[in-house]
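# An overview of the molecular structure
Each chain is listed here by its residues.
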Amino acid sequence: MNGNPALNTIAVFPDTLIQTQKGHSAKIEADGSSVMVQPETMVQFEADELVLDHGSLQLNTSREMRVRIGCITVVPVTSDLTQYDVTDLNGKIKVVAYKNDVRIHYQSAAIRRS
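Presented here is a report on the structure given in the accompanying data block.

The rules we used
Residues numbered from 1 in each chain as written. Predicted model: local features only at pLDDT ≥ 70, side-chain atom pairs only at ≥ 80, totals over all residues. Heavy atoms only, no water. Core = buried A, V, L, I, M, F, W, Y, C linked by side-chain atoms within 4.5 Å. Buried < 20%, exposed > 50% of the residue type's maximum accessible area, 1.4 Å probe, protein only. Helix = DSSP H or I, 4+ residues; strand = E, 2+ residues; numbered from the N terminus. Contact = heavy atoms within 4.5 Å. Salt bridge = Lys/Arg side-chain N within 4 Å of Asp/Glu carboxyl O.

### Things to note about the nonpolar core
- Counting 18 residues, the largest nonpolar core has Val-35, Leu-50, Leu-57, Leu-59 and Val-67 as the members making the most contacts within it.
- Among the elements of the structure, β2 (26-30), β3 (33-37), β4 (42-45), β5 (49-61), β6 (66-69) and β8 (82-89) are those that each provide at least two residues to this core.
- No other element matches β5, which puts four residues into this core.
- Contacts of Val-35, omitting those with residues within four sequence positions, involve Ala-26, Lys-27, Ile-28, Leu-50, Leu-57, Gln-58, Leu-59 and Met-65.

### Side note on the pattern of salt bridges
- Inspection of the entire model under this criterion finds four salt bridges.
- As a salt-bridge pair, Arg-66 and Glu-49 come within 3.2 Å of each other at their nearest N and O atoms. Remark: Glu-49 occurs in strand β5 and Arg-66 occurs in strand β6; sequence separation between them is 17 residues.
- With relative accessibility at 11%, the residue Glu-49 sits in the buried group.

The following block contains the structure:
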C-alpha cells in the first residue's frame, strides 16, 4: 500500500495506492461495495471510484462504484447490486457484467494545434 507492504487488515483512505504482487490479492470493503483486487494489479482508491493502472478487479457494488482506466470509465447503471469485472492487461480493457448492467463512458481529450 502506497509502496509499502500491508498488514492483513488495514484502513484504506482516498488516494491510497494498492499494488498486489504475483500470487497475492487484496479485498477492499467500502460502504455498499466490495472489491477483490487480483494478483499483479495496481489501483488507486478514490472513495466512489477506483483508478485502475493495470491488472484486474472484481466488484460487487450497490453504491454505483466506478472504475476509471485512462479516459474510459465503467459505471453501474443502477444503485441495485451490480457485479462486474474490469481487466486492463497490456493496454487491452475487458469489462464483464454478471449482475445488472454497466455503462462504458469514453472521454476524449481535445487536441489543439497552433
